[in-house]
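# Observations on chain architecture
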Amino acid sequence: KQAAGHPMIITESSWVNPEGYQSEGPFLMAAYQSLTGVDAFYWFAAGGVPEYDPNPFFTFLNLNGQHPMNKWTCATPALMGCFPANALLFRLGYVKQGEPAVHEERSLSEMWQRNAPILAEDRTFDPNRDTGSARGESNLQKGVDPLAFLVGPVEVKYGGDPRKDAVINLSKHIDSAKKTVKSDTGELRLDYGSGLFTVDTPKAQGASGFLKQAGVIKLSDVTIRSGNGYATVEAVAMDDQPLITSRKILVQVGTYARPTGWESKPAEFKSDDGKQTFQGYEIVNTGAAPWQVVATAVTLIITNAHLKKAVLLDTAGYPLNEIPEVASSGGRFTVKLPPNALYVILE
């Protein structure tokens, strides 16, 4: 929740190791920062040099010949590797800022009395610093649906007049039955039931989540066919033009990355009180360098009559070779991305 009329940054966060679904992180943050007007997000942390972490392990701990992963590094292929397209999307304003979904005003006396706001987070929980278990539900008895944060900016004016509280009609954007949330700009859509997020703007379009399960994903100017169970696929104009007329487009694909030799298996876990059973995974082997990244299995169709070729880049952004499997017909450009595609330039 942002203080109205003041800058706002998120000072420390990440999709921490050993989380496998990391490539969604930069995409989600770039899109929702743009929507809500949050000014900066600090990825924790890249270490001393701007490159992939060559040894993302706590080597001072040796557990039966294995080392636990450094959970706080963002210098992974799935996170840092997905920065370029999302930095472009965010910095050039390709996603519109929305109108406030929630505007709250709190009087000083209301705060001194510790009255609950209309929308707030409950107790935070950090297992690295707190002891015990966090509550599983909010203790706030009133309030606005917290999914409002995904609809548009949520702001508060301190020392204001509570009679000026304003909440838009969230039912137009939040469908609890279908488990979907749409931004008040109409550009962002999250299906948290099936695990699919899409951005559809004139200059940037893409999807993240369980893409193969979603089938063919049709956006305004981009169609995505993915054989990857999980991936993040984006097309972002590099010349500040709409994708339909752009003459230079960056395509970026993030999949799933694990250290070499990583092994996990399905497992059941009990809650601290022993009353609940959770289905999850047990890490059998944390592996070792280098990273192994799931191969790209994506075909893109972009409505653009100017595009003639696709150039594969290496992980540092330098051109490697032209991609042969392209076709241009009827104002639509089709490219089958090679298995090692992370960055591709369409021209």
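Everything below is about the structure shown above.
The structure presented is a predicted model; accordingly, all values stated were derived computationally and were not measured.

Here we come to the packing of aromatic side chains. Enumeration according to the criterion identifies 11 aromatic pairs in this entry. Aromatic side chains Y21 and F210 sit 5.4 Å apart centroid to centroid with 90° between the ring planes, which places their arrangement in the edge-to-face category. Of the two residues, Y21 is situated in the loop between β2 (9–13) and α1 (24–36) and F210 in the loop between β11 (204–209) and α4 (211–214); the sequence distance between them amounts to 189 residues. In this structure F210 comes out as partly exposed when scored by relative accessible area, which is 29%. Taken together, the ring pairs in this structure connect W15, F41, W43 and F83 into an aromatic cluster. When the ring centre of W262 is taken as reference, the NZ or CZ atom of R258 above it lies at 4.3 Å.

Here we take up the environment of A257. Following the sequence through the fold, A257 ends up in strand β16 (residues 257–260). The spatial distance from the C-alpha of A257 to the C-alpha of P77 is 6.8 Å, given a sequence separation of 180 residues. Setting aside residues up to four positions removed in sequence, A257 forms contacts with P77, W291, Q292 and V293.

Right, let's get into the sheet that holds strand β5 (residues 154–158). As a general point, the strands of a sheet are linked pairwise by backbone hydrogen bonds and lie either parallel or antiparallel. In space, the four strands of this open sheet follow the order β1-β5-β4-β6, with mixed pairing throughout. What marks the edges here is a single partner per strand, and that holds for β1 (2–3) and β6 (166–167). Across two bridges, the pairing between strand β4 (residues 102–106) and β6 is antiparallel. Note on β6: the bridge partner recorded for H103 is A166.

How each quantity is defined
Residues numbered from 1 in each chain as written. Predicted model: local features only at pLDDT ≥ 70, side-chain atom pairs only at ≥ 80, totals over all residues. Heavy atoms only, no water. Phe/Tyr/Trp six-rings, centres within 6.5 Å; stacked < 30°, edge-to-face > 60°. Helix = DSSP H or I, 4+ residues; strand = E, 2+ residues; numbered from the N terminus. Buried < 20%, exposed > 50% of the residue type's maximum accessible area, 1.4 Å probe, protein only. Lys NZ or Arg CZ within 6 Å of the ring centre and 35° of its normal. Contact = heavy atoms within 4.5 Å. Pairing = 2+ DSSP bridges.

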